[in-house]
Amino acid sequence: MKSQQYLTHVGELLGQAAASQLATVNAFAREIANTLQARRRVFLFGTGHSCLLAQELFYRAGGLVRLQPILEPELMLHLSASESTQHERNADLAIPLLAKYGVAAGDLLLIISNSGRNPLIVELALQAKSRGCTVVALTSLQHSTSGSSRHTSGQRLCEIAHLVLDNLGTPGDACVAYDGFAGMAAATSTVIGAALLQAAAAQVVQCLLNDGTEPEVFASSNIDQGDAINEAYLNKYREEILYL
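Report follows, based on the coordinates. (Residues numbered from 1 in each chain as written. Predicted model: local features only at pLDDT ≥ 70, side-chain atom pairs only at ≥ 80, totals over all residues. Heavy atoms only, no water.)

Observations regarding the sheet that holds strand β5 (residues 163–166)
Using the following cut-off: We treat two strands as partners when DSSP finds at least two bridges between them. Secondary structure counts use DSSP, requiring at least four H or I residues in a row for a helix and at least two E residues in a row for a strand, with both numbered from the N terminus.
Ordered by their spatial adjacency, five strands build an open sheet running β2-β1-β3-β4-β5, and the pairing between neighbours is parallel. Looking at which strands have only one partner, the edges of the open sheet turn out to be β2 (68–69) and β5. Where strand β4 (residues 134–139) and β5 come together, four bridges link them in parallel fashion. Note on β5: the bridge partner recorded for Val136 is Leu163.

As structure tokens, then:
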């Protein structure tokens, strides 16, 4: 059954990620903890379906409080999925995005892109790095290195970032093949990417505790006292964090 094949494959990828990506996950967590303790900002960005992973860490039960997703409607899927593909190929959007969100030296920018080759992603990484930001990539190294960059510099995201998390996906992302059908189905990047990011978030809390810093973590709004816990954070950070 193809459903079982997919689940088995994802389980295998998770095991491989736990073995090969753990050191980078922990280094990423340390960078987040350092950034939060320095009272700088942690930004999360992706276009298209990668934007789902920027939202994965934001304002959720068990999630770190002081995270700022960059959510631009034209780069997401709900206005026009096909047009978002065109916008992510426009490098000229990078500088206005950084200016709009106030990305500055000492901040951390997580950029999520399976291929890591589109002009906006690459330009954003280059511009953020030149401003003194720590740039972290979540990408597929196999996909990214299987083709050329679309950016005028010829660089890909994985070649710019300070840290690179590999989701271990294949070119094209889909992983299930069929007899009598040339196409592939069932992507893995979101599943593995979410696991890597949540693993990093879990380690950030431990890093903060080790440093003697009280972690700020949202509670579920559907448990007793959850609303009270979250309301305190909302009152504290509503002016600082967009979309709260």
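Text resumes after the structure shown.
Remarks on the packing of aromatic side chains
The relative placement of two aromatic rings is captured by the distance of their centres and the angle of their planes. The condition is simple: Pairing of aromatic side chains requires ring centres within 6.5 Å, counting the rings of Phe and Tyr and the six-membered ring of Trp. Pairs whose planes differ by under 30 degrees are stacked, by over 60 edge-to-face, and all others tilted. When accessible area is computed with a 1.4 Å probe and restricted to protein chains, residues below 20% of their type maximum are described as buried, those above 50% as exposed, and intermediate ones as partly exposed. Criterion for a charge above a ring: Lys NZ or Arg CZ within 6 Å of the ring centre, and within 35 degrees of the ring normal.
Throughout the structure, instances matching the rule amount to four aromatic pairs. A ring pair is formed by Tyr59 and Phe218, whose centres lie 5.0 Å apart and whose planes are at 85°; its orientation type is edge-to-face. Of this pair, Tyr59 sits in the loop between α3 (51–56) and β2 while Phe218 sits in the loop between α9 (189–210) and α10 (226–237), placing them 159 residues apart in sequence. Looking at Tyr59, the relative accessible area reads 41%, which means it is partly exposed. Note on Phe218: relative accessible area 3%, which makes it buried. Geometrically, the ring pair formed by Tyr178 and Phe181 is edge-to-face, given 6.1 Å between the ring centres and 70° between the ring planes. Taking relative accessible area as the criterion, Tyr178 reaches 32% and is therefore assigned partly exposed. Overall, Phe181 belongs to the exposed group, its relative accessible area being 52%. Each member of the aromatic cluster is reached from another via a ring pair, and the members are Phe58, Tyr59, Phe218 and Tyr233. Its end group placed over the ring of Tyr178, Lys2 keeps NZ or CZ at 5.3 Å from the ring centre.

Here's the deal with the packing of helix α1 (residues 2–20) against α9
Going by this rule: Only the contacting stretch of a helix is used when fitting its axis, a line to C-alpha atoms as for every element, and angles between N-to-C directions run 0 to 180 degrees. Handedness of each helix crossing follows the sense of rotation of the near helix against the far helix: counterclockwise by less than a right angle gives left-handed, clockwise gives right-handed. Here, residues are in contact when the closest pair of their heavy atoms is within 4.5 Å. Classification convention: Asp, Glu, Lys, Arg as charged; Ala, Val, Leu, Ile, Met, Phe, Trp, Tyr, Cys, Pro as nonpolar; all other residues, Gly among them, as polar.
With their axes 10 Å apart at the nearest point, α1 and α9 run at an angle of 35° to one another. Seen along the crossing, α1 lies across α9 with a hand that is right-handed. Mapping the contact onto sequence places Tyr6, Val10, Leu13, Leu14 and Ala17 in α1 and Val191, Ile192, Ala195 and Leu196 in α9. Per-class residue counts for the contact of α1 with α9 are nine nonpolar, no polar and no charged.

A short note on the environment of Ile192
Along the chain, the position of Ile192 falls in helix α9. According to the relative accessible area criterion, Ile192 is buried, its value standing at 0%. A C-alpha to C-alpha distance of 6.4 Å links Ile192 and Leu14, two positions 178 residues apart in sequence. Sequence-distant contacts of Ile192, defined by excluding residues within four places in its chain, comprise Val10, Leu13, Leu14, Ala17 and Asn167.

Observations concerning the environment of Val122
Summarising the element assignment, Val122 is placed in helix α6 (residues 119–130). Under the relative-accessibility criterion, Val122 is labelled buried at 0%. For the pair Val122 and Ser144, spaced 22 residues apart in the sequence, the C-alpha separation amounts to 12 Å. What Val122 contacts, discounting residues up to four positions off in sequence, is Gly116, Arg117, Ser149, His151, Ser153, Gln155, Arg156, Leu157 and Ile160.

Quick word on the nonpolar core
Burial of nonpolar side chains together is a common tendency in soluble globular proteins. To keep things clear, this is the line we draw: Residues enter a nonpolar core if they are buried and are Ala, Val, Leu, Ile, Met, Phe, Trp, Tyr or Cys, with the set joined through side-chain atoms within 4.5 Å.
Core analysis: the largest hydrophobic core is formed by 36 residues, its most contacted members being Phe28, Ile32, Leu110, Leu138 and Val204. If near-sequence neighbours (up to four positions away) are discounted, Leu138 is found in contact with Leu53, Leu110, Ile111, Ile112, Ser113, Leu165, Asn167, Gly193, Leu196 and Leu197. Counting residues in each nonpolar core, the second largest holds 23 residues, with Leu98, Val122, Leu124 and Leu157 among its members.

Some points on the environment of Ala137
Checked against the element boundaries, Ala137 lands in strand β4. Ala137 sits in the buried class, given a relative accessible area of 0%. It is 15 Å that separates the C-alpha atoms of Ala137 and Ile70, two residues lying 67 residues apart in sequence. Not counting the four nearest positions on each side in its chain, Ala137 is found in contact with Leu110, Ile111, Leu157, Ala161, Leu163, Val164 and Leu165.

No statement about biological role is implied by the geometric values presented.
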